[in-house]
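What follows is the residue order along each chain.
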Amino acid sequence: MCHTETEDLMLLTSYSQVSRERDRNREEIEVNRNHSVRVVLWLFLAVVGAHAATEQQSAVRAKLDNGLRVVVIRNSLAPVATVELNFKVGGDETPDGFPGMAHAQEHMAFRGCTGVTADQTAAIYAQLGGRNNADTQQTITQYFATVPAADLDVALEAQAACLHGIDDSQQEWTEERGAIEQEVARDLSNPTYKFIDRLNQDMFAGTPYAHDPLGTKSSFDATTGEMLKDFYHKWYSPSNAILVIVGDIDPATTLAKVKQWFGNVPDHPLPARPAVDLKPIKSETFTLDSNLPYMLGFIAYRFPGTDSPDYAASQILADVLASQRADLYGMVPAGKALAAEFGMAETYPKASVGFGLVALPAQANADAAMSEMRAILAGYAQKGVPEDLVAAAIRSEVAQAEFQRNSIPGLADVWSTALAAEGRNSPDEDIEAIKRVTLADVNRVAKLYLADQNSISAELKPVPTGQPVAGKGYGGAEEVTSAPTKPVELPAWAADALAKFKVPENFIQVSDTKLPNGIRLIVKTDRTSPTVSVAGAVKHDSDLETPSGQEGVSNILDGLFSYGTQTLDRLAFQKALDDIAANENAGFHFSLDVLKEHFSRGVELLADNELHPALPSEAFAVVQRQTAQFVAGQLHSPGYRTSRALDEALLPAGDPALREVTPDTVGKITLDDVKQFYSATFRPDLTTIVVIGDVTAEEAKEVIGKWFGDWKAAGPKPDTVLPAVPLNRPSAANVADRQAVQDSVTLSEQMDLNRFNQDYYSLQLGNHVLGGGFYATRLYHDLRQVAGYVYSVDVSLAASESRATYSVTYGCNPENVSKARALIQRDLDQMRTQDVSPAELQQAKALLLRQLPLSESSEGSVAGGILGRALIGLPLNEPVEAAKRYAELNADQVKAAFEKYLRPDGFVQIVRGPAPQ
């Protein structure tokens, strides 16, 4: 079965005004490829509509003499710190005709600041663990880094360098312009981005909100280094900045260091900010072509902005409308939509956007669904919303404020958003405002804002693509024989601090037990907040476990878990979760987030859903039809055909992973088939449960045992490990995508090893010479910093119990596909034939070893890492053992591994987009 549904669905999450270039490496949300559209639409709304939350620990605040505001918050979750420097300038302040000026200036901060070159900046952050980035929003620009707490001084001094000054040289801008224009091309290839860009133009016509801060190729072509310098000198000043620092640090000591490095930066007056004069909305409907496997219908409304006293009530209104107990979501179990949601996005001081969304079969007529969605929203506006749902929404928002404390980078972002973007004194102000919201407030806001004359409608219609066609493989497009990246000499203040690194002590302190029925229970106590999270999985492989002719049975089963249990129907089950403000998901991968006081009740509901799903016949008919409709669209989508072409090129004919779900196979499945599949594959002796939070091992074992302990396995264990495969032959294929203006390129090959092979570590160390450290690593340096061919390039080695795939992915203009591949080919060849330099080896080791504590920066990442290692059969302390291995490796071992396993002439090349030139 092709591994593509997640990729297609995740296109919904790839654009957000609040996350322009954000890659905070917080929690990795794993979406099983069999999950239905509903799950990923939730992810879309989570990205574009995240609310601020609170931090109940005390914050140390200061305002320096030059006007810089500083907030330091101690959080002892992990030996990690996040530094986030927020400038109150963004798309709003850009000059006429240059909508991406703030975005360009953000890019240039990585091209050299006072006393630090571009190469030095990249090398510093690489050796700090590589967790740094920046984003440009409509009203703010943010620079953030998460580093080991012991290295906070280095991160602070690096951030301070850019407040002192950014070089903005014409030469550096000329080189960076290619990368930022590739970012523009990437987003213009995304139908969701194009929808939101068009929506802003219509919703906020005549205001700064109408243009996206991303920018345009034509304006970047006209931008100069002098223009960037002028923009910097106008808006980058201490009094226009807020520095937020969160982590396992001493606030008083940290504040003293901030004063030392930031306090002598001179301040200057700011220009007048552009006025935002909102005009009445011109209600309209528009249609855009899409490359998604389903149709999307939107009805968007202008909602209150963060300055409005109605903002908190509008948040609660959006939560109510999004509830699975509300009428909008009710369109899904009624079989009228594949998914239905409501969310808030594009949140600005003077206005925001609230939108209803329905997902429909690819070739459906959206008129009836759009009319029903509009009628549902109008009905709530006229008659009011249920009081019970308002109370549940308020409970949920307050509970989520507690969970925000479980991520150090997440908490820094919450504070930055509250202070810099919303103008609050603390995130607590948002929560206190939400607590004061009444039913009357929500109904008043609904009546005022959910009005047809206040709305814009849109449809994103899929355009099918043709079958993959043979492409031109690698033929050595140009002569590229330059030497590897030269060593970078760091500033003394960074060199001294980063010169040494050590293998961390065993930080994986957990309780690891097995219950009598075979469940493996792993518990990690963390007192950061009064919350508990559960992450669990039933080890499985649907490609192996699905009976012949029943391809798609796991998809249907997954869709049925949301229909309640044998004792609580769909609505009653959701109400039970709402009553304790818990979030729960069941299936092969299951989870629970709950306040400590409701831990037992939350696990009871999770176990009831996981062990006793209702699987009602009425719901089966709906989910079966929806699954077939989704699959019909997916089979013709460029995302699916790209991934399918890759699988067919990498795997031998008849491989289990090539089994394909079709509308025909889905249509032949019966409810008895689903029940039998569930009985055969859901077993306690294949299940691992990780519990993390404010709970002891004894408490967790008692609760998990109480509610999961009666679960018994029956019959033989199914096979869950795919067989090894032979090495693939080289090939090339192009998949047309009429919506893409940029080519997305994947180079992949099978490797003759598995996750337990010790050479895995040599290859991973080499990969961190190639990538993972921005300009400090070879591929980014060569393809982006020097050539400007790409915005991003990633190298990965994905290894399981029996297989391994090596991949390089990048996006570029069609005329540069072969040029970029030639540079990649050169860099890979050099890994096989030349020793990496001592400086590169040292940097790669520092990058990997300092990443280890960063993996502890959120409870979600901790639980996900533990669960992943348990499922594959690795020791729970494998990261520490890996660190020892990395520290001992030498250049000869890295070269030998690449020479043994990497086949330069063995790559499969799949290009999605316009045909390469």
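Structure: above.
My aim in this report is to walk through the structure given alongside it, one point at a time.

The rules behind these values
- Residues numbered from 1 in each chain as written.
- Predicted model: local features only at pLDDT ≥ 70, side-chain atom pairs only at ≥ 80, totals over all residues.
- Heavy atoms only, no water.
- Helix = DSSP H or I, 4+ residues; strand = E, 2+ residues; numbered from the N terminus.
- Rg over C-alpha atoms; globule rule 2.2 N^0.38 Å.
- Buried < 20%, exposed > 50% of the residue type's maximum accessible area, 1.4 Å probe, protein only.
- Contact = heavy atoms within 4.5 Å.
- Areas by Shrake-Rupley, 256 points an atom, 1.4 Å probe, with all protein chains shown as cover.
- Pairing = 2+ DSSP bridges.
- Axes fitted to C-alpha atoms, helices over the stretch in contact; angles between N-to-C directions.
- 1 Å grid on protein atoms, 1.4 Å probe; cavity = no way out; pocket = protein on both sides within 12 Å on 5 of 7 lines; lining within 4 Å.
- Points joined across faces, edges and corners; volume = space filled by probe spheres on them.
- Nonpolar A, V, L, I, M, F, W, Y, C, P; charged D, E, K, R; others polar.
- Disulfide = S-S within 2.5 Å.
- Expected span 1.5 Å × (residues − 1).
- Parallel < 35°, antiparallel > 145°, perpendicular 65-115°, else oblique.
- Left-handed = near helix turned anticlockwise from the far one by under 90°.
- Salt bridge = Lys/Arg side-chain N within 4 Å of Asp/Glu carboxyl O.
- Core = buried A, V, L, I, M, F, W, Y, C linked by side-chain atoms within 4.5 Å.
- Phe/Tyr/Trp six-rings, centres within 6.5 Å; stacked < 30°, edge-to-face > 60°.
- Lys NZ or Arg CZ within 6 Å of the ring centre and 35° of its normal.

### Comments concerning the overall build of the protein
For step 1, the next point in the chain: Helix and strand counts for the protein stand at 33 helices and 25 strands.
For step 2, the next point in the chain: Taking 2.2 N^0.38 as the reference for a compact globule, 917 residues should give roughly 29 Å; the C-alpha atoms of the protein span a radius of gyration of 27 Å, in line with that estimate.
For step 3, the next point in the chain: Over its C-alpha atoms, taken along the principal directions, the protein stretches across nearly 70 × 65 × 55 Å.
For step 4, the next point in the chain: Within the span of the protein, comprising 917 residues, buried residues form 63% of the whole.
For step 5, the next point in the chain: Across the protein, every contact between residues at least 6 apart in sequence was considered, and the portion connecting residues at least 24 apart equals 85%.
For step 6, the next point in the chain: When the accessible area of the protein is evaluated, it comes to approximately 32,600 Å², of which 50% is carbon and sulfur surface.

### Notes on the sheet that holds strand 18 (residues 583–585)
For step 1, the next point in the chain: Reading across from one edge, 15-16-20-17-19-18 is the order of the 6 strands in this open sheet, with mixed pairing throughout. Because the sheet does not close on itself, it has two edges, and the strands there are strand 15 (511–514) and strand 18. Strand-to-strand twist of the sheet, defined as the mean angle between neighbouring strand axes without regard to direction, takes the value 15°.
For step 2, the next point in the chain: Note: strand 18 against strand 19 (residues 589–595), 3 bridges, orientation antiparallel. Across the sheet, the residue bridging to Glu584 is Leu592, located in strand 19.
For step 3, the next point in the chain: Running at roughly 160° to strand 20 (residues 687–693), helix 31 (residues 859–872) makes contact with strand 16 (520–525), strand 17 (531–538), strand 19 and strand 20 of the sheet.

### Re the layout of surface pockets
For step 1, the next point in the chain: Approximately 390 Å³ is the volume attributed to the largest pocket.
For step 2, the next point in the chain: Contributing to the lining of the largest pocket are 14 residues, with Pro148, Ala150, Lys502, Pro504 and Pro853 lying nearest its centre.
For step 3, the next point in the chain: Sort the elements by how many residues they give to the lining of the largest pocket and helix 30 (residues 838–854) lands first, with 3 residues.
For step 4, the next point in the chain: Counted by class, the lining of the largest pocket contains 9 nonpolar, no polar and 5 charged residues.

### Overview of the side chain of Arg850
For step 1, the next point in the chain: Mapping Arg850 onto the fold places it in helix 30.
For step 2, the next point in the chain: With near-sequence residues (within four places) excluded, Arg850 lies in contact with Gln127, Leu128, Gly129, Pro148, Asp151, Ala497, Leu498, Lys500 and Phe501.

### Things to note about the state of the cysteines
For step 1, the next point in the chain: Taken as a whole, this structure holds 1 disulfide when the rule is applied.
For step 2, the next point in the chain: Bridging Cys113 to Cys162, the disulfide has an S-S length of 1.9 Å. Its S-S torsion of about 80° marks the bond between Cys113 and Cys162 as right-handed, since a negative value means left-handed. Within this pair, whereas Cys113 is found in strand 4 (residues 112–113), its partner Cys162 is found in helix 5 (residues 152–164), the two being separated by 49 residues in sequence. With respect to burial, Cys113 and Cys162 carry one shared label: buried.

### Let's talk about helix 21 (residues 599–611)
For step 1, the next point in the chain: With 13 residues, helix 21 extends 18 Å between its outermost C-alpha atoms, agreeing within 8% with the 18 Å of an ideal straight helix rising 1.5 Å per residue.
For step 2, the next point in the chain: Among the 13 residues of helix 21, 10 are classified as buried, and the element is accordingly described as predominantly covered.

### Observations regarding the packing of helix 19 (residues 553–560) against helix 22 (residues 617–634)
For step 1, the next point in the chain: Running from N to C, helix 19 and helix 22 point in directions that differ by 130°, and their axes come no closer than 9 Å. When the axis of helix 19 is compared with that of helix 22, the two are oblique. Considering how the two elements wind past one another, helix 19 and helix 22 form a crossing that is right-handed. Residues Asn555, Ile556, Gly559 and Leu560 of helix 19 pack against Ala619, Phe620, Val623, Gln624 and Thr627 of helix 22.
For step 2, the next point in the chain: Of the residues belonging to the contact of helix 19 with helix 22, the class tally is 5 nonpolar, 4 polar and no charged.

### Re the pairing of strand 11 (residues 339–345)
For step 1, the next point in the chain: Summarising burial for strand 11: 7 of the 7 residues are buried, a large majority.
For step 2, the next point in the chain: Summarising the sheet, strand 11 and strand 12 (residues 351–360) pair through 7 bridges and their orientation is antiparallel. Counterpart to Phe342 in the pairing with strand 12 is Gly356.
For step 3, the next point in the chain: Counting the residues between successive antiparallel strands, the hairpin from strand 11 to strand 12 contains 5 residues, one of them, Glu346, with a positive phi of roughly 50°.

### Examining the pattern of salt bridges
For step 1, the next point in the chain: Scanning the model with the defined rule gives 51 salt bridges in all.
For step 2, the next point in the chain: Its salt-bridge partner being Asp685, residue Arg683 comes within 2.8 Å of it at the nearest N-O pair.
For step 3, the next point in the chain: The exposure class assigned to Asp685 is partly exposed, which follows from its relative accessible area of 24%.
For step 4, the next point in the chain: In this structure, Lys900 engages Asp759 in a salt bridge whose closest nitrogen and oxygen atoms are separated by 3.9 Å. Of this pair, Lys900 sits in helix 33 (residues 891–901) while Asp759 sits in helix 27 (residues 759–770), and the two are 141 residues apart along the sequence.
For step 5, the next point in the chain: Overall, Lys900 belongs to the exposed group, its relative accessible area being 58%.
For step 6, the next point in the chain: What you see here is one network of salt bridges that share partners, running through Arg111, Glu172, Glu175, Glu176 and Arg784.

### Details of the nonpolar core
For step 1, the next point in the chain: Among the nonpolar cores identified, the biggest contains 82 residues, and Phe195, Leu560, Phe599, Ile689, Val691 and Phe708 are the most heavily contacted of them.
For step 2, the next point in the chain: A total of 7 residues in this core trace back to one element, the largest contributor, which is helix 22.
For step 3, the next point in the chain: Look past the residues within four positions of Phe195 in its chain and what remains in contact with it is Phe286, Leu288, Phe298, Ala458 and Leu460.
For step 4, the next point in the chain: Within the second largest apolar cluster, 65 residues are counted, among which are Leu64, Leu152, Phe220 and Trp261.

### With respect to the packing of aromatic side chains
For any pair of aromatic rings, the description rests on two quantities: the centre-to-centre distance and the angle between the ring planes.
For step 1, the next point in the chain: With the rule as written, the count across this model stands at 25 aromatic pairs.
For step 2, the next point in the chain: When the ring of Phe588 is compared with that of Phe682, the centres are 4.4 Å apart and the planes differ by 25°; the resulting orientation is stacked. Placement of the pair is Phe588 in the loop between strand 18 and strand 19 and Phe682 in the loop between helix 25 (671–681) and strand 20, with a sequence separation of 94 residues.
For step 3, the next point in the chain: Cluster of aromatic residues (ring-pair linked, three or more members): Phe87, Phe110, Tyr143, Tyr232 and Tyr236.
For step 4, the next point in the chain: A cation sits over an aromatic face here: Arg198 above Phe286, 4.2 Å from the ring centre.

### Let's talk about helix 4 (residues 118–127)
For step 1, the next point in the chain: In terms of residue burial, helix 4 counts as a mostly covered element, since 9 of its 10 residues are buried.
For step 2, the next point in the chain: Burial in helix 4 covers these residues: Ala118, Gln120, Thr121, Ala122, Ala123, Ile124, Tyr125, Ala126 and Gln127.

### A few points about the sheet that holds strand 11
For step 1, the next point in the chain: One open sheet accounts for 5 strands, arranged 9-13-10-12-11; its pairing is mixed. The open sheet has two edge strands, strand 9 (285–290) and strand 11, and neither has a second partner. Neighbour to neighbour, the strand axes of the sheet diverge by 20° on average, direction disregarded.
For step 2, the next point in the chain: Relative to the sheet, helix 12 (residues 367–383) contacts strand 10 (295–304), strand 11, strand 12 and strand 13 (455–462), its axis offset from that of strand 10 by approximately 25°.

### Remarks on the packing of helix 27 against helix 32 (residues 878–888)
Axis angle and axis distance: for two packed helices, these are the angle between their axes and the distance between the axes, and together they describe the pair.
For step 1, the next point in the chain: At a closest axis distance of 10 Å, the pairing of helix 27 and helix 32 adopts a crossing angle of 75°. One element, helix 27, and the other, helix 32, form an angle in the roughly perpendicular class. Note on element contacts: helix 32 touches helix 27 through Glu878, Ala882, Arg885 and Tyr886, opposite Tyr761, Ser762, Gln764 and Leu765.
For step 2, the next point in the chain: Looking at the contact of helix 27 with helix 32 residue by residue, the classes come out as 4 nonpolar, 2 polar and 2 charged.

### A few points about unusual backbone geometry
For step 1, the next point in the chain: Despite not being glycine, Glu346 shows a phi value in the positive range, around 50°.
For step 2, the next point in the chain: Although it is not a glycine, Leu615 adopts a positive phi angle of roughly 45°.
For step 3, the next point in the chain: Looking at the element boundaries, Leu615 is found in the loop between helix 21 and helix 22.

### Concerning the environment of Arg826
For step 1, the next point in the chain: Within the element layout of this structure, Arg826 appears in helix 29 (residues 817–833).
For step 2, the next point in the chain: Overall, the relative accessible area of 9% leaves Arg826 in the buried class.

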